[in-house]
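Chain by chain, the residues:
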Amino acid sequence: MRRKTFWDIWGNSKEEEEVVRRAAQLKPFTSELKMLLGNGALRAQLENSKMVSLLPPVGTSVFRHFTPGSLKEIQRCREVQEKERQKREDKNISQVTVAQENPAGGLESGKPLPFIFGDPSPEFVNTPLEDLDPFYQSQKVFIVLDGQKVIHRFNADPACYMLTAYNHVRTSAIKILLHSFFRAFILLTILTNCVFMTVQEPLEWTRIVKFAIIAIYAIEVLVKVAARGFCVGRFTFLRDPWNWLDLVIISTAYLAEIVNLGGLSRFLQVLPALKLIPAIPSVKKTLGALTRVVRKMNHVIALSLGCLIVLAALELHNFMSYLLNKCVLIQSSNDSYVDHINDGGKKRNIVFSFFLPPSRLLENIPCLHCLTANYYYLPGHTEAQLCGNRSSAGTCPDGFMCLNVGTNPNYGYTNFDSFGWAFLALLRLMTQDFWEDLFRLILHSGGKIYTINFLADILLASFSLGSLIVAVIAVAFVEQKQAETTEAEQRSKDYAEIVETLKKEEKVDGSGGLDEKPSSERKDEQRPCSPCCSAFTAIFIKWTCCDGCRPKQLLHRVVSDPFFDLFVVMCLLLNITFMAMEHFPMTYQFADMLFISVPVFAVIFAVEVGLRFLATGPYFFFQVGWNIFDLVIAVITLLELHLVFISELSFTRLFCVMRVFRLARWWPNFNALLKLIRSSLGVLRRFTLLLLIIIFIFAAMGFRIFGRNYEENVCRISEDCSLPRYHMADFIHAFLLTFRVLCGEWIETMWDCMQVAGEPACLIFYATMVVVTKLALLNLFLALLIKSPNGDHQTASEVEAQKNLQEALNRIRRAVMGVKSQVLGHPSKKTGWKANLNPPGLKSDEPDQKEFLALTFVNTEEPESEVKTCDEAFKSASANGDADEENNHGDSAAGLRKPDDRDTPAQCFCDQCYRCCPVLNMDSCPAGLKTWSNWRRMCVSVVDHKYFEAFVTFVIFLSSCALAVEDIYLEKRVVLRSVLEYADYVFTCIFVLEMLLKWFAGGFKKYFTDAWCWLDFLVVLISLLSTFATLLGIPQLKAFTSLRTLRPLRLLSRFGGTKVVATTLFGVFPAILDVLLACLTLWLIFSIMGVNLFAGRFYSCVNSTWIMQDVNNKTECFMLMESNYSEVRWHNPQVNFDNVGMGFLSLLHVATVKGWLDLMASAMDSKEVESQPEYEANMFTSLYFVFFIILGSFFTFNFLISTIIEHLKWQKAKLGATGIFMTQDQMTLYDSLKAFSQKKTQRSVPRPQNKIQGLLFDLVTKDFFDIAFTVVACIQVLVLMVGTRDESMEKIKIIFWIDFAIIVIFTAECVLKLIALRRHYFAFGWNIFDFVLVVLFILGLFLEDVLNKYFILTHPFFSVIRLARTFRVLHLFRFAKGVRRLLYVLMRSLPALFNIGLFLFLIMFTFCVFGMQHFAYVKKRALMDDVFNFETFGNAFICMFTMTTLAGWDGLLLPIISEPPDCDPYLGNCGRPVVGILFLTSYVIMSFLVVVNMYIVVILEKFNMAAEESIDELCEMFYDTWERFDPHASGLIHSSQLSDFCDSLKEPLRIAKPNGIKVSNMDLPLVPEDKIHYLDLLLALTAQVQGMSGERDKLKASMEEKFKARHQAINKREDDAAIVIQRAYRKHAAQSPVQTGAQNGDVEA
């Protein structure tokens, strides 16, 4: 069977789930089972069925009690098997050819009894039975079936050497162990124990409960030991790893009472929570699946660790001690010294510790001991301001200087002073947790040049490795799904074979009726109904008394009318609109209007439900789920009308929001989203339950282990000795902290933990928690992704409702068109009032009609190769003409042109324009025909010229660069400003000229039917309006000046890669627009709920930046303000829930997990409206944010991603296997990389004749030689890792000499290989790579002293040298095939990833320029500072790069939407809220779609393709051996070498000597000269290992296709021979006429 990929499972997920579901329901009936068990002839027909072969012979009972006779039979079988084994050894039969027996997959322990065995009678339940699996017939085991018919296997040896299998005590223990009540009791005990884990201060009686729980656990262990035995034999107590947990829990519990275990006892108290996993079988199974996934991640884990180690070692030396640079106040009695440092009032950075010894520092800084109290802090910051010695680094204010002193930020844990902390920082970058703060610190202390480092780290460590991890997990998940589907398919096949045989046997007997009987029996079994229930239903539920009465028929006609559904939908939309209009503050009139609307809509929907109930009757009414939902909401809203005066029951208004869900009845995509959530919570409950258990375990573990440390050492992390908001001193806060870690934020809470509880314990705890939660979350994500809701079955009521709504809209549309036709006097000729609304070429009855779009690139059915840019649309216009236009032009002058006149340009206007206005046809004028045609031909030649497009692209590039220069410093640069003004005029003129030439060349029709030309037209129009506004001084048009920032978008169509990405994205966008709207509708529900819960409750009375605790409400705050407290104000956060629009913005913060902690903190502190917040006064409001992250964020993003992948998969199938995000040239490059990744037979290097060279050749060609130098390369990386900030001079010298020795060793290696391999040294890529590295090593060694002596800023150069040193570690990948395959996946993804990156860069460039135009002067606050701002293009690019990962966008949003009093409008530093929100949210959504989705999709696609194209490891080993026997890479070896070759192979392909008979039995075909082709030999060896089956031809075809690339050596020789023959023939043919003429002359003479 072919190995399925993620795309295969994705496309067939519904079918495979249906196969598994149906297979689980298969069950033979009693009559069928009796016929099967009692008919010998029938059993003979089913011998090939694996399931039937498990049954005993006819006449024997299927289930047999385990007795002493059973033990004797087991002993007899063992003796028989031993004799057979001895015979095989005597005959020297190879074990490879003997089929190995395995246990039956359907009879494994823990699985339900297969359907073929039927239902056992009660006497065979909970009692020892003989094993049903033939594999265990010779082993001392027996089985027991529990009440759910689940198989449990036990050891038949006496338990504890005393209790035999048929002993009464043991059988009783087995019955107790397998009884459902006992298991439920144990589960209840575990849950009780978990509840007591959450108690912060246990009471006196809890100690008694604790001992009672431990006693129950001990009794459970005793029962298990008595039932299974302790440790001797299979299936005993200690053979199950989960039973070890029970022993540890019991032994440590009693040990803790005797010995004081200290902190270890708190950890051991949490271990009973782990018993929840084996206590719930489904969760245990899910954890086993996760464990199998982890085992398959060894290669990607090794690659990730290797990359992180190398990057950490590099950044260790790049950023060592950088984060110690701080601005320190200069305190000196010498005023002249201070003036000298200030340098005339200018800001100056002096990093003394870099250039001055400590003695001079002490002399020049008289107050070095009080530096901590004199650091410079920005307002609102707790960390000292960092600075640096570079021009682009942070600067210090006047009176401060930059010193390398003090401690590192974040309690000293954020630094690069040692490898451990550097590795932690890289891990933080990989998980993208608060990495923007680390980025900001480095830029302040090191300079903006290090943006390149972070760009490389994020792309490699985060995006690439993260995508690879997702791909590997996806492949492992797919393999498990495929195994489940294969097992289900085999089970269905067996069942179908049995049923078919039973049908034939039934026909032979002549009884018949077998086809109908099972279905009727199954129907009765699924829906049992008692006579009383049937009578009650007939009397009270089925209203048949007035089925024919006219009122009921009239009601049914009204309810089923399409306009009734349209009316309901309009009322729903109007109700939703009224609910969304609620805001704070509201006027009394507006509030009254909203209050009145509530009972109005309640009555409307109640009447609707009543009409449906009366029209259909209760029997049919309650069969539709939506009717039940409508009834519940209607009853609750009516109940609210009577209870509205009770304030405590006002929460019932929130049920009105549930009406939004009713839209799913008429909206398919919204319905699909809700079905995804519903089915996921049901079908994927195993993953969800496991995730909840993991969260609980870590929360309880953190609470028990670190809770006391938080209480005792809280003053280390808080100045006022109060606990932070996220801590582990109690279980509720520990649970919130664990959920925060699950959302991806772990680094900040880990700092607090390390500060209060120590570094080792917190590092281990957080590392385990992050890895486990991320792994579980990724599996849940992929499981949801596989369950794509597209194509889910819709109920009949939903289909009918959607058809009714569509029919109502069609009626209105036809009516409007009919009225319009009558008014205009042009009725439709065909249908009269029923005007044809379909676009040309589409029939009215086609089900899959699409909106007619003129934009060619939006049409997703058009291949990418046919989508042209604006320039490509005009190329070859004169050559191709417009054949279709000429054929359909009618009387226009185009019809007078000759068909073969290819130089005639296309027509200017459309056909309708020519008919309506004939004067447009200038070609109809004979006098102007020639002039006009010549002019258009000249324009076509200009536009088609390659230099024209290159010139326009260059001008667009220059104009984009000019926009990037327009920063805040442009006003001071008068000359540059004048140059840019005139350049803008020139650019505008060039763009206008380009547009006019294209108009003349291709005509308006061709120009305005191309989307890229529309973009060009828009840019030109904006440029013209901007120019006129500047020249004429019209202030109304100056707003268009900022829209000049769209110019860089024109470059999208100028590069093939960006055009492919843009075409694909815009092609997918219309398809997902409806899905995005459905997701936003779900958000609307949460937004309305948020407005109802939190509107006006986030206000607080603040004094500058901190909340005043002694104020109770708004009135007291205003009293303080009136008492001349100027710094006091009644403040509302900028992001809140005061209206639905701000609610959407707040939910976007929560969904992206950025800034959501401040929102949740405000919600937890909120009280009543106009009341002062109180710390955690409303803790349970956090559940609102938890539920939204689960439902509104996780599920909606998953639904959106699944839709995008669905359409990308469709485009992938349309464009080809390698067509997604790649141009044709890049596809060729991809094929080259694919061919490079496949190992080919190579011509071996001849051994030199010289004796010394020969010895060296033998040395360098040995495997241990490369391994030895790879070990040296690893040592070199270790040397880079041992560096620290405070290392001594002796350590520095030792490291230097080790580096020197390593360089000498690598140089010696290079020299030895050059001597041994000679000119062949440079024939291998790895040797060239090593040679370049050696040259760089030597240059770095000799230039280091010179550069350090004469140059100061040489750090980037040494960074490159250190990076080159680590490249030698890449030799490890030559020996790690799995890691090498992952690297090949990245290599194959490079073309597509480059296109995506270039597209994203152009988008970033456009947003950077736009941000500089609008937000350059906003007040610096939150994240915006001297580096993160929009003042210059470099700073703007840093901001946009940070937001590409969704990091820090919340901190940049606050300044750009700031309003007074947070800013001063007179200074012009206020933001623009509407523009700012649209600016950032659009970029955040676009970067999420492009980076997150496309990056993962590309790597996942290439990973699946690599899995399909990868060569098997056996074949790799085969070709490694073949190269030694075929040094010339001919693909052939002599038959005399066959014996040695087969003996040289490794297992399992190896045929050890003597192998003459086995080799001859392979019957290999021979080519001339008695040679054997490698493919024939490989097929024969593979067939010998896999067994000779009927699939040999398929195997051969697969091998030939897979290894076609390996025939290049043979095909090249054939091509060379063909070329030689062709040249000889052509030479002979050229000489033949001369020779023939000479011969004729001789004859005449």
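Definitions and cut-offs
- Residues numbered from 1 in each chain as written.
- Predicted model: local features only at pLDDT ≥ 70, side-chain atom pairs only at ≥ 80, totals over all residues.
- Heavy atoms only, no water.
- Helix = DSSP H or I, 4+ residues; strand = E, 2+ residues; numbered from the N terminus.
- Buried < 20%, exposed > 50% of the residue type's maximum accessible area, 1.4 Å probe, protein only.
- Contact = heavy atoms within 4.5 Å.
- Expected span 1.5 Å × (residues − 1).
- Phe/Tyr/Trp six-rings, centres within 6.5 Å; stacked < 30°, edge-to-face > 60°.
- Salt bridge = Lys/Arg side-chain N within 4 Å of Asp/Glu carboxyl O.
- Polar contact = N/O pair within 3.5 Å; in protein donor to acceptor, adjacent residues only side chain to side chain.
- Disulfide = S-S within 2.5 Å.
- pLDDT = per-residue confidence, 0-100.
- Patch = residues over 30% accessible without salt bridge, like charges linked within 9 Å, V, L, I, M, F, W, Y side chains within 5 Å.
- Areas by Shrake-Rupley, 256 points an atom, 1.4 Å probe, with all protein chains shown as cover.
- Core = buried A, V, L, I, M, F, W, Y, C linked by side-chain atoms within 4.5 Å.
- Bend = angle between axes of the 7 residues up to and from the residue.
- Lys, Arg positive; Asp, Glu negative; His and termini not counted.

A. Representation of the overall build of the chain within the structure. Along the chain, the regular secondary structure elements total 60 helices and 9 strands. Buried positions account for 48% of the 1645 residues belonging to the chain. Excluding contacts between residues fewer than 6 apart, the proportion of contacts in the chain whose partners are at least 24 apart in sequence is 75%.

B. Quick peek at helix α9 (residues 241-258). An ideal rise of 1.5 Å per residue puts 26 Å on 18 residues; α9 measures up with 26 Å between its terminal C-alpha atoms. Turning to α9, its buried residues number three or more, namely Asn243, Leu245, Asp246, Ile249, Ile250, Thr252 and Ala253. Those residues of α9 hidden inside the fold are in contact with α8 (205-228) and α10 (263-268).

C. Focus on the packing of aromatic side chains. All told, the structure shown has 78 aromatic pairs when counted by the stated rule. Aromatic pair tryptophan 435 and phenylalanine 1441: ring centres 5.6 Å apart, planes at 70°, arrangement edge-to-face. Linking tryptophan 435 in helix α18 (residues 435-446) with phenylalanine 1441 in helix α52 (residues 1433-1444), this pair joins segments that are 1006 residues apart in sequence. Considered together, tryptophan 435 and phenylalanine 1441 belong to a single accessibility category, that of buried residues. By the ring-pair criterion, three or more aromatic residues cluster together here, those being Phe319, Tyr322, Phe416, Trp435, Phe439, Tyr450, Phe454, Phe1428 and Phe1441.

D. The pattern of salt bridges, seen in detail. Overall, the coordinates contain 44 salt bridges when judged by the stated rule. In this structure, a network of salt bridges that share partners links the residues Asp565, Glu608, Arg612, Asp630, Arg662 and Arg665.

E. Quick look at the environment of glutamine 1134. By the element assignment, glutamine 1134 lies in the loop between β7 (1128-1131) and α42 (1140-1151). Judged by relative accessible area, which is 17%, glutamine 1134 ranks as buried. Considered as a pair, glutamine 1134 and isoleucine 1457 are 323 residues apart in the sequence and their alpha carbons are 8.0 Å apart. At 3.3 Å, the side chain of glutamine 1134 forms a polar contact with the backbone oxygen of leucine 1454. From its side chain, glutamine 1134 meets the backbone oxygen of isoleucine 1457 in a polar contact 3.4 Å long.

F. Structural detail: the pairing of strand β1 (residues 141-145). Among the 5 residues in β1, 5 count as buried, and that is most of the element. Neither face of β1 is left uncovered, since the one carrying Val141, Ile143 and Leu145 and the one carrying Phe142 and Val144 both have all their residues buried.

G. Focus on the state of the cysteines. Scanning the model with the defined rule gives 6 disulfides in all. Between the sulfur atoms of cysteine 327 and its disulfide mate cysteine 396 the distance is 2.1 Å. Handedness of the cysteine 327-cysteine 396 disulfide follows from its S-S torsion of about -90°: it is left-handed. Within this pair, whereas cysteine 327 is found in strand β3 (residues 325-329), its partner cysteine 396 is found in the loop between α16 (358-364) and β4 (400-404), the two being separated by 69 residues in sequence. Just as cysteine 327 is buried, cysteine 396 falls in that class too. In this model cysteine 1463 forms its disulfide with cysteine 1470; the gap between the sulfur atoms is 2.0 Å.

H. Here's a closer look at the confidence of the model for the chain. Summarising the model, the chain shows a mean pLDDT of 77, and 75% of its residues fall at 70 or more. Under a pLDDT of 50 for its full length, residues 511-528 has, in the predicted model, 14 contacts with residues more than four places off or in other chains. Below a pLDDT of 50 lies the segment residues 873-902, which in the model reaches 47 contacts outside its immediate sequence neighbourhood of four places, other chains included.

I. Main features of a nonpolar patch on the surface. Side chains of Phe1322, Ile1328, Phe1331, Val1332, Val1335, Leu1339 and Leu1343 sit close together on the surface and give an oily, nonpolar patch of about 540 Å² of accessible area. We classify phenylalanine 1331 as partly exposed; its relative accessible area is 31%.

J. Structural view of the nonpolar core. Counting residues in hydrophobic clusters, the biggest one holds 306 residues, and the most contacted among them are Phe670 and Tyr766. Considering each element in turn, this core owes the most residues, 17 residues, to helix α40 (residues 1056-1094). When near neighbours in sequence (up to four residues on either side) are disregarded, phenylalanine 670 contacts Val660, Phe661, Leu663, Ala664, Ala1078, Thr1081 and Leu1082.

K. Here's a closer look at the environment of threonine 451. Note that threonine 451 resides in helix α19 (residues 451-509). As a C-alpha pair, threonine 451 and phenylalanine 1441 span 990 residues in sequence and 9.2 Å in three-dimensional space. When residues no more than four places from it in sequence are discounted, the contact partners of threonine 451 are Phe439, Leu443, Ile1438 and Phe1441.

L. Broad picture of the side chain of threonine 1270. Within the secondary structure, threonine 1270 is located in helix α47 (residues 1263-1281). Those residues in contact with threonine 1270 that sit more than four places away from it in its chain are His1371, Leu1372 and Phe1375.

M. Up close: helix α24 (residues 588-621). Relative to the 50 Å expected for 34 residues at 1.5 Å per residue, α24 spans just 41 Å between its end C-alpha atoms, considerably shorter than the ideal helical length. By the largest-angle criterion, alanine 615 marks the main kink of α24, which is about 75°, and a proline, proline 618, follows within four residues.

N. How the structure looks around the side chain of aspartate 967. Positionally, aspartate 967 belongs in the loop between α37 (946-965) and α38 (974-1008). Buried within the structure, aspartate 967 lacks any salt-bridge partner; arginine 973 is the closest side chain of opposite charge, at an N-O distance of 4.1 Å. Not counting residues up to four positions away in its chain, the partners in contact with aspartate 967 are Arg973, Met1412, Glu1431 and Thr1432.

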